[in-house]
Amino acid sequence: MSVLLVAALAFLPGGGSPAWAAPASRDAAFTTFDVAIEKTKSAMMGDPETALTLARHASRLAASLPRSNQAEVARATAGWLEGEALIGANRSDLALSVIENALSLAQSVAPDSKLHGDLLRSRGALAAGQGKVVEALKDYQDAYRAFVHAKVARSQAMALQDIGQIYWLAADNEKALAYYQKAIETYGDDPIIRLTTHNNRAEVYRKLGRYDLTSKEYNAALVEAQLLKSPLLQARILANYADALTQAGNLKAAQRAAERAIALVQTGEGVGWRAVAYGSAGKAAAGREDWAQAKRYFDLAFAGIDLTKSDMSYHDYHGAAADVYEKVGDRDLALAHLRAFQRLDAEAAKLTASYANQLASAQFDFAAQNLKISDLRKKQLERDVAMERQRAQFRMAMFIGLGSAGLVAFAVTLAGFFSVRRSRDEVRAANDNLQNSNTKLEKALQAKTEFLAMTSHEIRTPLNGILGMTQVLLTDRGIASDVRGRIEVVNSAGLTMKALVDDILDVAKMESGKLAIVHDTTNLQQILKEAGQLWSGQAQSKSIGLRLQTDDAPAIIVGDGARIRQIIFNLMSNALKFTHEGEVSLQVMAETAADEGEQLVIRVRDSGIGIGEDMQAAIFEPFRQVDSAMNRQYSGTGLGLSICRQLVAAMAGTIAVDSILGEGATFTVKLPLRFPEGTAASQDAGPDHALGDRSVLAFLPFDDELVMLKMLLAAHCGRVDILESAPPSDMPLPVGDYDLIIIDPVCLSADDANALQHWIEAADAAGAKTSLLLADSGPVTPAAAMMMGADQIILRPVEAEDIVEALCGLFGAAPENFVAPSLTALSA
C-alpha cells in the first residue's frame, strides 16, 4: 500500500485555495469564476472526471475575464486545478503540459505566492510518479520556499510531507520520519495535516516491523478522518490498518477493520476504493486459512481489473490471491496473479533502487559542487596573497626612495603606527578572550541543562518501573499486611522522587527555551475543584483548615490549563508544607485593572513559618529555600517557586509574595484573562466531558481504588455504581441500565478469562461499552482481553485525569494520548 498523497488532500475542507487577489469590487465575471473554482475543488476528491470538466469550464471563464494581472492569476489557478484533475484521472501525460503552462504564468504574475508553490508541488508529484526523484525533490523544496515566503504554514507542512514521501519511497525511513515530524510541528492545528502525518508514519513503522507504533499511528489517523467525516479517508486508513494487522498476525482485528472499510466504500465518495477494501479483507481471510471466503473477497477486489496492467496498490493483494486461488484449485488464476505480483515486485524494487540511487547521486553532486567551490576559494586566496605581497614590495621600494630629510618624520610616524596597532591588537586579543569565555560559559550552561534533562529522563525510566511494580504488588490481595505497609512506603517515596524529577525536567525545558504555552478553552472551575479534592486530605491529616474562595472565579477561560494547574498545585503544596497550624486558603477571582484590562487573580495564603524580607526575592531562584537548614527539615529541591515564576512570565503575568517571618505568607499571581468568543465570564461550566449524562457500573477490588474512582467519576458522570465482587454466575448480569461498564478482572472470579468474556458479551448485547483496567502482570493479559472484543483497554499505572480522558474517548471526545476505542493498539 502507498502513503496517502497529500496533494489530493489539499482540496478537503480546510485546504484553502491558492492566494489570488481579484478586484475588491467584483463584477459578475469574477463572481462566476469564483463559483466555478469552488465547484471544481469540491469535486476533486470524489470524482476527478467531473472535476476535470469543471476545471476546463473555469479555464474558459478565466480566458474571458478583462485583461489584468488578476485575470492572469485566475488563468493560472484554473490551470492548476485542471492539471490536478488530470492527475486524479490518471492522465499524467496531459497534466504535465497544463501544469507547466500554468506554472510559467504564475512565475511571471505571482512569484513566490501560494499559487506558485501549489503548482510546483503538482509538478513535483508528476515527477515523483515518473521516478524522477531529483526533479521531484527540487520542486518540493522550491514549493516549500515559496510557501515560507508567502507565510502559509499549512502548505509548508504539506511540502515537508511531500519531501518525506520521497525519502520513504527511497527506503530512507529515518529521514522520512524526520520530515513527517517537522511537518506536524510546522502546522499541527489542521486535522488533515495530522491525519496524513499519522498515516505516513504508520506506513514507515510498518516497514520497520514496529507494529505497536504502527497501530498507534493508524488509530490516531482514523480519529482525524472521523472528525473530517470523510468515509473515503476512513476506508483508506482502515484498509491500510487491516493489512498491517494481518502482517502482525492479529487476524481477528484485521478482519474487523477490513469489514468496516468495506461498509464505508459501498456508496458515495468511497466507491473508488472498494477494490482495495475487498483486497484487505481477502488477505485477512487468507491469514485465517478461510480459503472460500478469501476467494470471494478477491473475486470482488479484481472484478474488471486487467491483471497484466494493475498498478502498485494491488501488489500485496496479487501475492495473497495467488496463494488463495492455488488452495481452491484455480491454477490459471493463481498463475496470473503470481505473474502480476512478480511484475509489480520487480517494479517496486526497481523504483526503490532508482529513488535511492538518484538521491545518492544528488548528494554526491552536491558534495562535488562544495569541493569545487572550496577549490576556487583556495585559488582566490592564493591570488590575494600574491597581490598583497606585490603591494608590500612596492611600498618598501617607495619608502626606501624617500630622502633622508623625511627619515625622522617617517620613523616617528612608523613608531606611532606600531603603537596604535599594538593597542588595537591588545583590544582585539581582549575581545577574543572575552568571546572565548562567553562561548565556554554558554557551552557549560548548555551542557548543564542537557545533563539535567538526560539524567532526569534516565532516572525516570527505572523509577516508572519501580512505581509500576509497587502498584502491581499493591493490587495482590495475597500480600501480608506488614509487607503491604513496606511496599506502600516504597511507593510513596517513589512518587515523591518522581515529583522531584518532573521539577528538574521542567527547569531543563525552560532553560533550553523549549517551554511551550498553549491557549485553549480551559475549564477553570474543574481545575479548582480538583485542587480542593487533592489537598483536603493532606490538610486534614495535618489538622489545619483548608478554605476555598472560588465562587467568583470564571468557569471557562482561554489559557493553558495544564500550566495554570501546575502553578496552583505548586503554591498549594508549598503552603501546606510550611504550615503547622491555622489554615491555608485559595482565592481565585476575576479583577479589572485600569491600565491592564481583565486579569485572573490567584491568591494562596497560609499561616505558616513566613519568609523574611531579605529572602523574599531569593526564594524564586532555582534550588533555593529560606535557608539551608530548610532542605533538611522540609523535603524538596526548591524548584517549585522558580518554575511558577517562569510559567507566569511565559503567560505574560506577574507573581508576588507578601510575608512576615513567623506569621505566614501570601502569594499572588495575576494573569491576563481571556474568554472564548461568545462566552460570558459568569457562564456555568457545566459538564466538561462526554461522560456528563452517562451511567457507569464499575467493578474494583480495593477500598482505596473504590474511593478514588468513585470521586473521580462522580465529578464527571450522571450516575456511578461501584461493586467489589460480581454476582453469582447463575444470576443475570446487571448491565441493562448502564452506558459504560468498567472492569478490573481481579474482582470477577477464579476463572477470570471466562468470566470477563461473559461480562463483555453481556454488555455488548445490552448496548453498553466496556473499559478494562489491566496490569501487565494481571490475571488477564492485554492481548487476551483485546481478542475478547472489549471497547477499550487502559493499562496501569495511569493518572486519574488520563482515565477520564480515555473514557471520554468512548463517547465521541478525541483524547490526545489514547488509542481510538474501536481499534485498540497491538500488544507486543
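Residues numbered from 1 in each chain as written. Predicted model: local features only at pLDDT ≥ 70, side-chain atom pairs only at ≥ 80, totals over all residues. Heavy atoms only, no water.

1. Quick word on the sheet that holds strand S9 (residues 719-723)
For sheets, the rule is that strands pair by backbone hydrogen bonds, running either parallel or antiparallel. Sheet architecture is open: five strands sit in the order S9-S8-S10-S11-S12, paired in parallel fashion. Only two strands of the sheet have a single partner each, and these edge strands are S9 and strand S12 (792-795). Between one strand axis and the next, the sheet turns by 15 degrees as a mean value, whatever way the strands run. Across four bridges, the pairing between strand S10 (residues 740-743) and strand S11 (residues 769-774) is parallel. Each bridged residue has a counterpart across the sheet, and for Ile741 the counterpart in S11 is Thr770. (Pairing = 2+ DSSP bridges. Helix = DSSP H or I, 4+ residues; strand = E, 2+ residues; numbered from the N terminus. Axes fitted to C-alpha atoms, helices over the stretch in contact; angles between N-to-C directions.)

2. Thoughts on the nonpolar core
Within the largest apolar cluster, 47 residues are counted, with the highest numbers of intra-cluster contacts made by Ile237, Trp273, Phe298 and Phe302. Those elements that provide at least two residues to this core are helix H10 (191-208), helix H11 (211-228), helix H12 (231-248), helix H13 (251-264), helix H14 (274-287), helix H15 (291-301) and helix H16 (315-327). The element contributing the most residues to this core is H12, with 10 residues. Grouped together as the second largest cluster of nonpolar side chains are 43 residues, Ala575, Leu586, Ile602 and Leu647 included. (Core = buried A, V, L, I, M, F, W, Y, C linked by side-chain atoms within 4.5 Å. Buried < 20%, exposed > 50% of the residue type's maximum accessible area, 1.4 Å probe, protein only.)

3. Side note on the sheet that holds strand S6 (residues 654-660)
Spatially, the five strands line up as an open sheet ordered S2-S4-S5-S7-S6, and their pairing is mixed. Edge positions in the sheet fall to strand S2 (545-549) and S6, since each of these pairs with one other strand and no more. Geometrically, the sheet is characterised by an average inter-axis angle of 15 degrees between neighbouring strands, direction not taken into account. Where S2 and strand S4 (residues 583-593) come together, five bridges link them in parallel fashion. Pairing of Gly545 across the sheet is with Glu583, part of S4.

4. A look at the side chain of Ser280
Examined against the element boundaries, Ser280 turns out to sit in helix H14. Leaving out residues up to four positions away in the same chain, Ser280 has contacts with Ala239, Ala242, Asp243, Ala258 and Tyr317. (Contact = heavy atoms within 4.5 Å.)

5. A look at the environment of Asp658
Tracing the sequence through the fold places Asp658 in strand S6. Judged by relative accessible area, which is 58%, Asp658 ranks as exposed. With 42 residues separating them in the primary sequence, Asp658 and Gln616 have C-alpha atoms 8.3 Å apart.

6. Focus: the confidence of the model for the chain
In this model, the chain carries an average pLDDT of 75, and 68% of its residues clear a pLDDT of 70 or more. Of all the helices and strands in the chain, helix H22 (residues 630-633) carries the lowest mean pLDDT, 46, while strand S7 (residues 664-672) carries the highest, 92. In the model, residues 627-632 has pLDDT below 50 throughout and makes five contacts with residues more than four positions away in sequence or in other chains. (pLDDT = per-residue confidence, 0-100.)

7. A look at the pattern of salt bridges
If you walk through the whole model with that rule in mind, you get 21 salt bridges. A salt bridge links Arg121 to Asp162; the shortest N-O distance between them is 2.5 Å. With a gap of 41 residues between them, Arg121 in helix H6 (residues 114-129) and Asp162 in helix H8 (residues 153-169) connect regions that are remote in the sequence. Accessibility classification places Arg121 together with Asp162 in one group, the buried group. For Glu224, the salt bridge goes to Arg194, with nearest N and O atoms at 2.9 Å. Highlighted residues: Glu224 in helix H11 and Arg194 in helix H10, separated in sequence by 30 residues. Each of Arg67, Glu72 and Arg75 takes part in salt bridges that share partners, so that together they form one network. (Salt bridge = Lys/Arg side-chain N within 4 Å of Asp/Glu carboxyl O.)

8. Focus on helix H3 (residues 48-63)
Counted at 1.5 Å a residue, the expected span for H3 with its 16 residues is 22 Å, and the 22 Å between its end C-alpha atoms agrees. Three or more residues of H3 are buried, namely Ala51, Leu52, Ala55, Ala58, Leu61 and Ala62. Buried residues belonging to H3 abut helix H2 (28-44) and helix H4 (69-88). (Expected span 1.5 Å × (residues − 1).)

9. A few points about the packing of H13 against H14
Contact geometry of H13 with H14 gives a least axis separation of 8 Å together with a crossing angle of 160 degrees. On the basis of the axis angle, H13 is roughly antiparallel to H14. Along this stretch, H13 crosses H14, giving a crossing that reads as left-handed. Taken together, the residues of H14 that come into contact with H13 (itself represented by Leu251, Ala254, Gln255, Ala258, Ala261 and Ile262) are Ala277, Tyr278, Ser280, Ala281, Ala284, Ala285 and Gly287. Its residues assigned to classes, the contact of H13 with H14 comprises 10 nonpolar, three polar and no charged. (Parallel < 35°, antiparallel > 145°, perpendicular 65-115°, else oblique. Left-handed = near helix turned anticlockwise from the far one by under 90°. Nonpolar A, V, L, I, M, F, W, Y, C, P; charged D, E, K, R; others polar.)

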